[in-house]
Amino acid sequence: MSKDVYIITGGSRGIGASICRKLAAPGRVIVVNYAGNEAAAAQTVAEIEAAGGTAVAVQGDVQNEADVLHLFAEADKLGRLAGLVNNAGVVDLSQRVDEMSLERLTRMFSINVIGAFLCAREAVKRMSTKHGGSGGVIVNLGSAASKIGSPGQYVDYAASKGAIDTMTVGLALEVADEGIRVNGVRPGIIDTDIHASGGIPDRVAQLQSRLPMKRAGSADEVADAILWLLSDQSSYTTGAILDVSGGRAILP
Ligand code: NAP
């Protein structure tokens, strides 16, 4: 019997790696996508295999259409695409909007928004009953930043995640009767490398006391919510956006 394949973009580290580890199970193949950190991707694959699961690492920059096509072509060889998690995402150094270069803005929106669209497009082509598929699930990673706007830090990132929320709702309705569920998760402050890549390695420590639960979340806590959205336990949930933020930014 054909295996269920799950593509996790940015599965090499942080939240994505946790999703990959938790999702691995008999009958499933986890495609661990990564951009450049081959060692981290290999580590995630090794951890899954050590636990008896099946995983494959596939390099690919989600903003590059040829890379996305290659990623999905590799997944096609492994079985039936059952799920996609649009998890790959980047922040940038703290800047005001009046300082942001075109290069920065292009990178931000290319990876965080266009990358998610390209992957969603390829997933729908394979999953939709309209195209002869047998359904599937897509989960998109937004951010609490989309509600806060992140002034003085990265309004571009916050806006890119706002676009993801809108895409989640629109795509969910577009394919609701084609066997595909599309949902989003909006994490709050989660303890991963992303803060260091934005130039603030101690961001979690800085913000901790101001968070409702007085602590950051873990990658595993976000992954657990995503696992539920990927599972049949959420079979009547589509177009939903779940705040996994420990209470941060829960008001509209
Ligand atoms: P992270 O620890 O920085 O990991 C980022 C992952 O994305 C890595 O696996 C990285 O691959 C991959 N990646 C980056 N650019 C890519 C590209 N162009 N193509 C393919 N893969 C790419 O991030 P994280 O904290 O786990 O965040 C995961 C998602 O949650 C992101 O969408 C982020 O915006 C969102 N989020 C995070 C937080 C938080 O506080 N951590 C809060 C809200 C939302 P390499 O290992 O190869 O570099």
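Note that the coordinates shown come from a computational prediction; the quantities given were computed from them, not determined experimentally.

(A) View of the overall build of the protein chain. The helix and strand tally for the protein chain stands at 9 helices and 7 strands. At 17 Å, the protein chain has a C-alpha radius of gyration in line with the 18 Å of a compact globule built from 252 residues. In terms of overall dimensions, the protein chain has a C-alpha envelope of 50 × 40 × 35 Å along the principal axes. When each of the 252 residues of the protein chain is scored for burial, the buried share is 49%. Counted over contacts in the protein chain with a minimum sequence separation of 6, partners at least 24 positions apart contribute 73%. Carbon and sulfur atoms form 54% of the exposed surface of the protein chain, whose accessible area is close to 11400 Å². Distance between charge centroids for the protein chain: 4 Å, based on 23 positive and 27 negative side chains.

(B) Just unusual backbone geometry, in detail. Although it is not a glycine, K214 adopts a positive phi angle of roughly 60°. Examined against the element boundaries, K214 turns out to sit in the loop between α8 (203-207) and α9 (219-230). In the Ramachandran plot, A249 falls in the positive-phi region, its phi being about 55° despite a non-glycine side chain. Of note, A249 is situated in the segment after β7 (241-244).

(C) Main features of the side chain of T192. Locating T192 in the fold gives a position in the loop between β6 (180-187) and α7 (194-197). The contact partners of T192, leaving out residues within four places of it in the chain, are G14, I15 and A219.

(D) Here's a closer look at the site of the ligand. Looking at the ligand, there are 31 residues lining it, with S12, R13, G36, Y157 and T192 nearest. One nitrogen or oxygen atom from the main chain of G36 is found 2.7 Å from an oxygen atom belonging to the ligand. Residue D61 places a side-chain N or O atom 2.8 Å away from a nitrogen atom belonging to the ligand. Contact with the protein chains covers 94% of the free accessible surface of the ligand, which is 900 Å². At the level of secondary structure, the elements contributing two or more residues to the shell around the ligand comprise α1 (14-23), β2 (28-34), α6 (155-174) and α7. The residue makeup of the shell around the ligand, split by class, is 13 nonpolar, 14 polar and 4 charged.

(E) Fine view of helix α3 (residues 65-76). An ideal rise of 1.5 Å per residue puts 16 Å on 12 residues; α3 measures up with 16 Å between its terminal C-alpha atoms. Along α3, the residues that are buried comprise V68, L71, F72 and A75. An end-on view of α3 places all buried positions within 90° of arc, on one side of the element. Of the residues flanking the start of α3, the one acting as N-cap is N64, its side-chain oxygen 2.9 Å from the backbone nitrogen of A66.

(F) Fine view of the pattern of salt bridges. Tallied over the entire structure, the rule returns 18 salt bridges. Between D243 and R186 there is a salt bridge, with its nearest N and O atoms 2.8 Å apart. Here D243 is found in strand β7, whereas its partner R186 is found in strand β6, with 57 residues between them in sequence.

(G) The nonpolar core, seen in detail. I7, F72, I138 and L171 are the most contacted members of the largest nonpolar core, which has 36 residues in total. The set of elements that each furnish at least two residues to this core consists of β1 (4-8), β2, α3, β4 (80-86), α4 (102-127), α6 and β6. Per-element accounting of this core gives the leading share, 9 residues, to α4. If sequence neighbours within four positions are ignored, I138 has contacts with L84, N86, A120, A123, V124, M127, L171, I180, R181, V182 and N183. With 29 residues, the next largest nonpolar core counts C20, I30, V222 and L230 among its residues.

(H) The packing of aromatic side chains, seen in detail. Applying the stated criterion to the full structure yields 1 aromatic pair. Note on Y154 and Y157: the rings are 5.0 Å apart at their centroids and 65° apart in plane angle, and the pair reads as edge-to-face.

(I) A look at the environment of V5. Tracing the backbone through its elements, the reader meets V5 in strand β1. The class for V5 is buried, based on a relative accessible area of 0%. Residues V5 and A24 lie 19 residues apart in sequence; the distance between their C-alpha atoms is 10.0 Å. Residue contacts for V5: discarding those within four places in its chain leaves V29, V31, A75, L78, G79, R80, L81, A82 and G83.

Procedures and definitions
- Residues numbered from 1 in each chain as written.
- Predicted model: local features only at pLDDT ≥ 70, side-chain atom pairs only at ≥ 80, totals over all residues.
- Heavy atoms only, no water.
- Helix = DSSP H or I, 4+ residues; strand = E, 2+ residues; numbered from the N terminus.
- Rg over C-alpha atoms; globule rule 2.2 N^0.38 Å.
- Buried < 20%, exposed > 50% of the residue type's maximum accessible area, 1.4 Å probe, protein only.
- Contact = heavy atoms within 4.5 Å.
- Areas by Shrake-Rupley, 256 points an atom, 1.4 Å probe, with all protein chains shown as cover.
- Lys, Arg positive; Asp, Glu negative; His and termini not counted.
- Charge placed at Lys NZ, Arg CZ, Asp CG, Glu CD.
- Near = heavy atom within 4 Å.
- Polar contact = N/O pair within 3.5 Å; in protein donor to acceptor, adjacent residues only side chain to side chain.
- Nonpolar A, V, L, I, M, F, W, Y, C, P; charged D, E, K, R; others polar.
- Expected span 1.5 Å × (residues − 1).
- Arc of directions from axis to C-beta.
- Salt bridge = Lys/Arg side-chain N within 4 Å of Asp/Glu carboxyl O.
- Core = buried A, V, L, I, M, F, W, Y, C linked by side-chain atoms within 4.5 Å.
- Phe/Tyr/Trp six-rings, centres within 6.5 Å; stacked < 30°, edge-to-face > 60°.

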